[in-house]
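Residue-level listing of the chains:
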Amino acid sequence: MSRTGRMADFAGSARRGVTLVEILVALFIMALAILPAIGAFSSSYGVASRQLEQEIALKLGESVVSVLLTANYDRLLAGTLGTIPLNIQTPSGDFSGSLVFTGMTASSTAVAIGRASYRISAQVTTLFHAQNIETPHDDALVFGFRDFAPPPLPPGPPPPGPPPPLVATYSCFDDLVCLRVRVEYGQREAVELETFRADMSK
């Protein structure tokens, strides 16, 4: 073959490029490899975001519980706390708002932190009031212990007798209330906390 013929063959082979079909096949193979990785990353990001939002809601609830545990007890019991300012710092932002009490229930306006909106509500429930043996009342916590050792059974049906005598009686000298805090941070999600507080001053 002459030199001119060899140069023509080389030029023809150099002009041959990648066809459109080959490009489409390569893109299809790359998509098959990349799409599962993107899906896994998106799923992991969603789980991490929900976990962070739950942690923020839990921190807000714990902070409100701490506020209620240190609030004036007489006003708490009477339902006259009014408006309590809240300025709670979280890793994703601050919750700046107010918890407005109406009687024994309270709520706050929604505050956006990151991608979620958080709303706090609280409820105070009186379980019983302080009392003593001399001045009992209906909603006091009183335990009565009786000696229920069964007597020996006589022959035939026993006649009904008086109840056994009291052995001991306990009464509580402190008021006790239940504090419930709820933090809503999603369409269907909420964090609920519950604790108790007693008045130790009586």
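Structure first, text after, so check above.
Residues numbered from 1 in each chain as written. Predicted model: local features only at pLDDT ≥ 70, side-chain atom pairs only at ≥ 80, totals over all residues. Heavy atoms only, no water.

Colleague: Even after reading the chapter, I still don't get the side chain of glutamate 53, so can you show me in this structure?
Modeller: For glutamate 53, the location among the structural elements is in helix α2 (residues 20-70). Although buried, glutamate 53 forms no salt bridge, and the nearest oppositely charged side chain, arginine 115, lies 5.5 Å from it. (Helix = DSSP H or I, 4+ residues; strand = E, 2+ residues; numbered from the N terminus. Buried < 20%, exposed > 50% of the residue type's maximum accessible area, 1.4 Å probe, protein only. Lys, Arg positive; Asp, Glu negative; His and termini not counted. Salt bridge = Lys/Arg side-chain N within 4 Å of Asp/Glu carboxyl O.)

Colleague: Quick question: what am I supposed to make of the packing of aromatic side chains here?
Modeller: In this description, a pair of aromatic rings is defined by centroid distance and the angle of the planes. The final tally for this structure, using the stated rule, is 1 aromatic pair. A centroid spacing of 6.0 Å and a plane angle of 20 degrees characterise the contact between tyrosine 118 and tyrosine 185, whose relative ring orientation is stacked. Highlighted residues: tyrosine 118 in strand β5 (residues 116-128) and tyrosine 185 in the loop between β8 (176-184) and β9 (190-198), separated in sequence by 67 residues. Overall, tyrosine 118 belongs to the buried group, its relative accessible area being 0%. Judged by relative accessible area, tyrosine 185 falls into the buried class, the value being 7%. (Phe/Tyr/Trp six-rings, centres within 6.5 Å; stacked < 30°, edge-to-face > 60°.)

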